[in-house]
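Now for the letters of each chain:
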Amino acid sequence: MKHRWLIISLLFAALVAIFDFCVLGILQTAQGDTLSYTVTAEYFHNHVMPIDPTLNHFVRARLLKPFYPAVISVFIPVVPPETSFLIINLLFFFGCVFFLYKILNEYLNFKPWQSFVGVAWFACSYPMLKYGFALMTDVGGYFFALLAIYIALMSDKRDRPSLLFWAGLTSAIGFTVKETGGLGMLFILFYWMMKIKELGFWNVFKRWLIAGIPFLTISLVMQLTIMNLSGYSYADWVGSNEEASGAKLRKLKYFAGTQGAAFHFLWLFFLYGLYKIKKSQNLKALAAFIPVGLPVLAWPIFITRILFFQFVYVIPVALNGLKELDEKLSNKKILTFALASLPCIVSIALFLFAQQRSLFKL
């Protein structure tokens, strides 16, 4: 069956979700961001700004990322905000699995079973298990970044530059979901930058414009409107994060610890894949993924769920390492599968050990 491994990937993702709900419960509201988004959804529904100073601050801050609250508010009369939140995140989670598989298989030319392994690494990662099904917006950011990259690669493969308009529009919408949702634009910038010699500067510049105009126009109009409405900007958001916990959580031990918790054994595959990257038939695409994930290193705080966005380059490059290893161990498939399963096993072990608690405190 042509789509067997894609179907297996989606079924595996469903099992991961069920496992997660069995451990942490269905409505995972323990994370601090949930209340701020549900309160903002109520503001979209009744157009009344909360009087309470804390809730008022929540709304002004979350208006910078209005997608979730706006969608949730539509269903408030009949569906509790938390339930809508969960449904949206589940849709985005399965969307991430679908588009990550398609990118790995169709555009990076990994074998179907290798693409499934990449999806398993994503779905079974410690950050996804601990935070991915919580009522927050991280998985929405992952979805729009992957979708924009998928459309961009489709545009290149089909030689249809007009599709980049939709990639830019997708990134603009993604930016209203989560900052990471707009980072697909970096892939477009760097991927076509590496094709200047092949296409010529002006052809590349035209592609940048096709994607950049909808992204910049919508993003700027949206942010200016929100700043005028709430008097709150991204500069205020960054400052409040720095003031609250930035100095404390930007220490080396937190950087090393969160990177280790997020990817642990994947870093070994990644380093080998990076060492062998010149042999890849998709060198430009693999290289263009790297700058997409790097901006999260500049976030005000080092926490696992934020740094996990690096999966956009860690998983493809690590999969390149697995591919090279598979060729060396061609007569030892069981060993290859055993090594490929290690990241999932370690992530599940860390998740069961920590559950809702901090690994650092434990």
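Preceding block: the structure.
Rules used throughout
Residues numbered from 1 in each chain as written. Predicted model: local features only at pLDDT ≥ 70, side-chain atom pairs only at ≥ 80, totals over all residues. Heavy atoms only, no water. Core = buried A, V, L, I, M, F, W, Y, C linked by side-chain atoms within 4.5 Å. Buried < 20%, exposed > 50% of the residue type's maximum accessible area, 1.4 Å probe, protein only. Contact = heavy atoms within 4.5 Å. Patch = residues over 30% accessible without salt bridge, like charges linked within 9 Å, V, L, I, M, F, W, Y side chains within 5 Å. Areas by Shrake-Rupley, 256 points an atom, 1.4 Å probe, with all protein chains shown as cover. Salt bridge = Lys/Arg side-chain N within 4 Å of Asp/Glu carboxyl O. Helix = DSSP H or I, 4+ residues; strand = E, 2+ residues; numbered from the N terminus. Phe/Tyr/Trp six-rings, centres within 6.5 Å; stacked < 30°, edge-to-face > 60°. Expected span 1.5 Å × (residues − 1). Bend = angle between axes of the 7 residues up to and from the residue. Axes fitted to C-alpha atoms, helices over the stretch in contact; angles between N-to-C directions. Parallel < 35°, antiparallel > 145°, perpendicular 65-115°, else oblique. Left-handed = near helix turned anticlockwise from the far one by under 90°. Nonpolar A, V, L, I, M, F, W, Y, C, P; charged D, E, K, R; others polar. Disulfide = S-S within 2.5 Å.

### Brief notes about the nonpolar core
Ranked by internal contacts, the top residues of the largest apolar core, which has 104 residues, are Phe93, Trp121, Phe122 and Phe311. Once residues within four sequence positions are removed from consideration, Phe122 is found in contact with Phe93, Cys96, Leu100, Met128, Tyr142, Phe308, Phe311 and Ile315.

### Section: a nonpolar patch on the surface
Nonpolar side chains collect at one region of the surface, where Phe201, Trp202, Phe205, Leu209 and Ile213 lie side by side and expose about 520 Å² of accessible area between them. For Trp202, the location among the structural elements is in helix α12 (residues 201–230). The exposed category is assigned to Trp202, whose relative accessible area is 60%.

### Digging into the pattern of salt bridges
Inspection of every chain in the model, using the stated rule, returns 11 salt bridges. Of the charged contacts, one joins Asp138 and Arg305 as a salt bridge, the two residues approaching to 2.7 Å between their closest N and O atoms. One end of the pair, Asp138, is in helix α8 (residues 138–158); the other, Arg305, is in helix α17 (residues 304–307), with 167 residues separating them in the sequence. When sorted by exposure, Asp138 lands in the same class as Arg305, which is buried. Where Arg207 meets Asp159, a salt bridge forms, and the shortest distance between an N and an O atom there is 3.8 Å. Of this pair, Arg207 sits in helix α12 while Asp159 sits in the loop between α8 and α9 (163–175), and the two are 48 residues apart along the sequence. Note on Asp159: relative accessible area 56%, which makes it exposed.

### With respect to the packing of aromatic side chains
As enumerated under the stated definition, the model contains 44 aromatic pairs in all. On the basis of an interplanar angle of 75 degrees and a centroid distance of 5.3 Å, the ring pair of Phe263 and Trp267 is categorised as edge-to-face. A residue is classified by how much of its surface remains accessible, and Phe263, at 1% relative accessible area, is buried.

### A short note on α12
For α12, with 30 residues, the first-to-last C-alpha span of 41 Å sits near the 44 Å given by 1.5 Å per residue. If you look at α12, its biggest bend is around 35 degrees, right at Gly212, and the proline Pro214 turns up within four residues after that. Residues of α12 that are buried: Val204, Arg207, Trp208, Ala211, Gly212, Pro214, Phe215, Ser219, Gln223, Ile226 and Ser230.

### Details of the packing of helix α6 (residues 112–123) against helix α19 (residues 333–354)
Relative to each other, α6 and α19 sit at 20 degrees, their axes nearing to 9 Å. With respect to α19, the axis of α6 lies roughly parallel. Here α6 runs over α19; the crossing is right-handed. Along its contact with α6, which presents Trp113, Val117, Ala120 and Trp121, the element α19 presents Thr336, Phe337, Ala340, Pro343 and Cys344. Taken together, the residues of the contact of α6 with α19 break down into 8 nonpolar, 1 polar and no charged.

### Quick look at the state of the cysteines
For the structure on display, the rule yields 0 disulfides. Residue Cys22 stays outside any disulfide, its sulfur separated by 14 Å from that of Cys124, the closest cysteine. The exposure class assigned to Cys22 is exposed, which follows from its relative accessible area of 65%. Left unpaired, Cys344 is separated from the closest cysteine sulfur, that of Cys124, by 4.2 Å. Overall, Cys344 belongs to the buried group, its relative accessible area being 11%.

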